[in-house]
Amino acid sequence: MNNLISKYNIDEEFEKLQNNENDLFTIKEQIAYAFPGSYGIFISLHFGRFLNGTIDTKEKKDAFDAIVSYLNNLDMHISEKLSEYMEEIFKDEIDIAKLSEVQHNGILEILNNTDEYLEQNQKFFEEYIDFRTSDEFKNIPSFDFLNAMLDFQKNSGYKEVFIENMKKLSPEYAEYIVKLEEANRIFIEKFPKANNLDFI
């Protein structure tokens, strides 16, 4: 902005931004610019906390390029109605940030003391698992979104390409995944009925 004020050469400043985007923008910002709309919402909600760093190594650059290429070549259909529903819920960045913070803090509470948390909330989890298998669950608006995301994960190479490169892009995310997998193992041991359910 200071350069624009002093000499107002838009083309020159735009070229600088493009040439130095890895230093100027966080990974989260670069992905949001590359994928506005539903993709950006999904990534910000689930991964934003782990993408506040910059692309400062060749490995991260290669991982970022692999993720962008992967997302660009996806054939994932999101209905207009579902897309509108998602954008209405997350209509501004503040909403997304707040929801992401709440979601992340809740997961961290589980990861830090999984056994105790599950014991204290046993009734809730039993009721939630029953709800997830009910007809009532199939009638809520987010059911379509959940199914779309689960189909996307199963049929698109999501884990093999996207998640593996996310681990390279963010060491914090790689560490988080290890903890999450261990917590999930304990969860399934305590609630075997959940083994038949898919979670995002």
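Residues numbered from 1 in each chain as written. Predicted model: local features only at pLDDT ≥ 70, side-chain atom pairs only at ≥ 80, totals over all residues. Heavy atoms only, no water.

Peer 1: Now, about helix H13 (residues 158-169): what can you tell me, with residues and values included?
Peer 2: For an α-helix the count is 3.6 residues per turn, leaving residues at separations of three or four pointing the same way. Along H13, the residues that are buried comprise Tyr158, Phe162, Ile163, Asn165, Met166 and Leu169. Within H13, the buried residues cover an arc of 160° as seen down the axis, which keeps them to one side. In H13, those exposed residues whose orientation departs by more than 90 degrees from the buried face are Lys159 and Glu160. (Buried < 20%, exposed > 50% of the residue type's maximum accessible area, 1.4 Å probe, protein only. Helix = DSSP H or I, 4+ residues; strand = E, 2+ residues; numbered from the N terminus. Arc of directions from axis to C-beta.)

Peer 1: Give me the lowdown on the environment of serine 69, citing residues and values where you can.
Peer 2: Relative to the helices and strands, serine 69 is located in helix H6 (residues 58-72). Judged by relative accessible area, serine 69 falls into the partly exposed class, the value being 37%. Through-space distance from the C-alpha of serine 69 to that of phenylalanine 162 is 9.9 Å; in sequence the pair is 93 residues apart.

Peer 1: Summarise the packing of aromatic side chains; cite the residues concerned and give the values.
Peer 2: According to the stated counting rule, one finds 14 aromatic pairs in the structure shown. Relative to phenylalanine 125, the ring of phenylalanine 124 lies with its centre 5.2 Å away and its plane at 70°, an arrangement referred to as edge-to-face. Arranged with centres 6.2 Å apart and planes meeting at 35°, the rings of tyrosine 173 and tyrosine 176 form a pair that is tilted. Within this pair, tyrosine 173 and its partner tyrosine 176 are both found in helix H14 (residues 171-190), separated by three residues, close to a single helical turn. Among the residues examined, tyrosine 173 registers a relative accessible area of 4% and is labelled buried. Owing to a relative accessible area of 11%, tyrosine 176 belongs among the buried residues under this scheme. These aromatic residues form a ring-pair network of at least three members: Phe47, Phe50, Tyr70, Tyr158, Phe162, Tyr173 and Tyr176. (Phe/Tyr/Trp six-rings, centres within 6.5 Å; stacked < 30°, edge-to-face > 60°.)

Peer 1: Explain the pattern of salt bridges residue by residue, including any values.
Peer 2: If charged atoms from side chains of opposite charge come close, those side chains can pair. Evaluated as defined, the whole model comprises 10 salt bridges. With its nearest N and O atoms 4.0 Å apart, the salt bridge here joins lysine 138 to aspartate 135. With lysine 138 and aspartate 135 both in helix H11 (residues 135-138) and three residues apart, the pair spans about one turn of that helix. Classification of lysine 138 as partly exposed rests on a relative accessible area of 47%. (Salt bridge = Lys/Arg side-chain N within 4 Å of Asp/Glu carboxyl O.)

Peer 1: Please set out the side chain of threonine 114 residue by residue, giving values where relevant.
Peer 2: Looking at where threonine 114 falls in the secondary structure, it is placed in helix H9 (residues 114-120). Not counting residues within four places of it along the chain, the set of residues in contact with threonine 114 comprises Ala183 and Ile186. (Contact = heavy atoms within 4.5 Å.)

Peer 1: So what about the packing of H6 against H13? Which residues, and what values?
Peer 2: Interhelical geometry of H6 versus H13 gives an angle of 150° and a closest axis separation of 8 Å. One way to sum up the angle between H6 and H13 is to call them roughly antiparallel. Taken as a pair, H6 and H13 cross one another with a handedness that is left-handed. Packed against H6, whose contacting residues are Glu59, Lys60, Ala63, Phe64, Ala66, Ile67, Tyr70 and Leu71, the element H13 presents Tyr158, Val161, Phe162, Asn165, Met166, Lys168 and Leu169 at the interface. Residue composition of the contact of H6 with H13, grouped by class: 11 nonpolar, one polar and three charged. (Axes fitted to C-alpha atoms, helices over the stretch in contact; angles between N-to-C directions. Parallel < 35°, antiparallel > 145°, perpendicular 65-115°, else oblique. Left-handed = near helix turned anticlockwise from the far one by under 90°. Nonpolar A, V, L, I, M, F, W, Y, C, P; charged D, E, K, R; others polar.)

Peer 1: Explain the environment of lysine 60 to me, and be specific about the residues and the numbers.
Peer 2: Along the chain, lysine 60 falls in helix H6. Classification of lysine 60 by relative accessible area gives buried; the value is 15%. Sequence separation between lysine 60 and isoleucine 27 is 33 residues; the distance between their C-alpha atoms is 9.7 Å. Here lysine 60 is in contact with Thr54, Ile55, Lys168, Leu169 and Pro171, once residues within four sequence places are set aside.

In short, shape yes, function no, at least from these values alone.
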